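So the chains spell out like this:
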Amino acid sequence: MTTAISKRFDELKATGLLPSPTGVAMEILRLTQNEGSTIKQIAQTIQADPALTGRTLKFANSAHAGARKPIASVSEAVVRLGMRTVGTLSLGFSVLSSSRRGPCEGFDYDRFWSNSLVLGIASKTLCGMTKAAPQEEGFACGLLSQIGRLALASVYPEKYAEVLTTWANGSGKELRDLEQQAFSTDHAEMTAAMMEDWRLPESFQIAVLNQIDDHRKAPSTTTPSDVLTLILQTANQIARICVEDENSHAEPIKKLMACYDQIDLESSGLADLCDEVAEQWQTWGEILNVNTRELPKF
């Protein structure tokens, strides 16, 4: 993170208006990042938040989390998912729950979280296929990968509404340019800075900063952050197909195929991947009370 980005983030953080997880979630994150913490301590902290307890158990019991038999205790869920994963999941679930509404009239909060949920699910699934990161960490990375937009809408509600009106759902690069002009920062920089503040993996921060609207050329290396960048770009196109109207699908489908090819996965499995993501999107939409919709088979 550059000094300029860190300084700008500190200024926005000082307002006290940035989206933030609950105290329970922050304590869980702190415990899971401390090697001396025990599973019992983490489980007891999770149980202080009934909603978080329910979501953690449901996630651990989902077929996509590798569940073989149902579990009923939070301690078992922590063992199954892993301590570090529980920390990032708790953070993501908490921010989602506490930031469902806000003061920016031009910001569609329901659409934002619906899109973010697809990003999380698609990133999780692709991480499982590429081994770029643990699947559940991929979910948290995708879910929070656009959180900087929510941050700018929270700190500058009126001005950000004007930016969104000018942007008119253009490209991601166009939005970042407009944000830079208005706020001397953009949502990608703020997302990365928030992830750093929450001590999430550096690969998350690099991937978020390197996201662009169009797929980029294949990286010269295959570091986790390189692959994660391509995963987020692919997930963004899947999210567009799920959330946007069908008459707008031609462009994201074309970009999706190009991004998927960059990840070097077998193209014949792309339709099945999209169908799986759409199905999970609807299932988790019900669990997390996030708007989704029925989609035809890809």
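Everything below is about the structure printed above this text.
Computed from a predicted model, the values in this text were never measured in an experiment.

Visitor: Mind laying out helix H2 (residues 23–32), listing which residues take part and the relevant values?
Guide: What H2 keeps buried is the set Ala25, Ile28, Leu29, Leu31 and Thr32. Along the long axis of H2, the arc covered by the buried residues comes to 165°, so they all point the same way.

Visitor: Let's hear about helix H3 (residues 39–46): which residues, and what values?
Guide: Taken residue by residue, H3 has Ile42, Ala43, Thr45 and Ile46 as its buried positions. For H3, the angular spread of buried residues about the axis comes to 160°, placing them on one side. Elements in contact with the buried residues of H3: H2, helix H4 (50–61), helix H5 (74–81) and helix H6 (83–98).

Visitor: Lay out unusual backbone geometry with the relevant residues and their values.
Guide: Positive phi, normally seen in glycine, also occurs at Asn169, with a value near 55°. For Asn169, the location among the structural elements is in the loop between helix H10 (157–167) and helix H11 (172–183). According to the relative accessible area criterion, Asn169 is exposed, its value standing at 61%. One non-glycine residue, Ser184, adopts positive backbone phi at about 60°. Tracing the sequence through the fold places Ser184 in the loop between H11 and helix H12 (187–197).

Visitor: Before we move on, can you summarise the packing of H3 against H5 with the specific residues and values?
Guide: Two measures define how a pair of helices packs: the angle their axes make with one another and the distance between the axes. As a packed pair, H3 and H5 sit with axes 9 Å apart at the nearest point and diverge in direction by 120°. Judged by the inter-axis angle, H3 sits oblique to H5. For H3 against H5, the interelement crossing comes out right-handed. Between H3, through Ile39, Ile42, Ala43 and Ile46, and H5, the contact on the second element is made entirely by Val74, Ser75, Val78 and Val79.

Visitor: So what's going on with the layout of surface pockets? Residues and values would help.
Guide: Its boundaries defined by the atoms lining it, the second largest pocket holds a volume of some 160 Å³. Around the second largest pocket sit Ile241, Ile253, Leu256, Met257, Tyr260, Asp261, Ser267, Leu270, Ala271, Cys274 and Phe298, which together line it. For the lining of the second largest pocket, the leading source of residues is helix H15 (residues 250–262), giving five residues.

Visitor: Could you give me a rundown of the packing of aromatic side chains, with the residues and numbers involved?
Guide: For the structure shown, the criterion picks out 11 aromatic pairs. The interplanar angle of 40° and the centroid separation of 6.0 Å between the aromatic rings of Tyr160 and Phe183 together place this pair among those described as tilted. In this pair, Tyr160 sits in helix H10 while Phe183 sits in helix H11, placing the two residues 23 residues apart along the sequence. Each member of the pair, Tyr160 as well as Phe183, is classed as buried. Taken together, the ring pairs in this structure connect Phe107, Tyr109, Phe112, Trp113, Tyr156, Tyr160 and Phe183 into an aromatic cluster.

Conventions adopted
- Residues numbered from 1 in each chain as written.
- Predicted model: local features only at pLDDT ≥ 70, side-chain atom pairs only at ≥ 80, totals over all residues.
- Heavy atoms only, no water.
- Buried < 20%, exposed > 50% of the residue type's maximum accessible area, 1.4 Å probe, protein only.
- Helix = DSSP H or I, 4+ residues; strand = E, 2+ residues; numbered from the N terminus.
- Arc of directions from axis to C-beta.
- Contact = heavy atoms within 4.5 Å.
- Axes fitted to C-alpha atoms, helices over the stretch in contact; angles between N-to-C directions.
- Parallel < 35°, antiparallel > 145°, perpendicular 65-115°, else oblique.
- Left-handed = near helix turned anticlockwise from the far one by under 90°.
- 1 Å grid on protein atoms, 1.4 Å probe; cavity = no way out; pocket = protein on both sides within 12 Å on 5 of 7 lines; lining within 4 Å.
- Points joined across faces, edges and corners; volume = space filled by probe spheres on them.
- Phe/Tyr/Trp six-rings, centres within 6.5 Å; stacked < 30°, edge-to-face > 60°.

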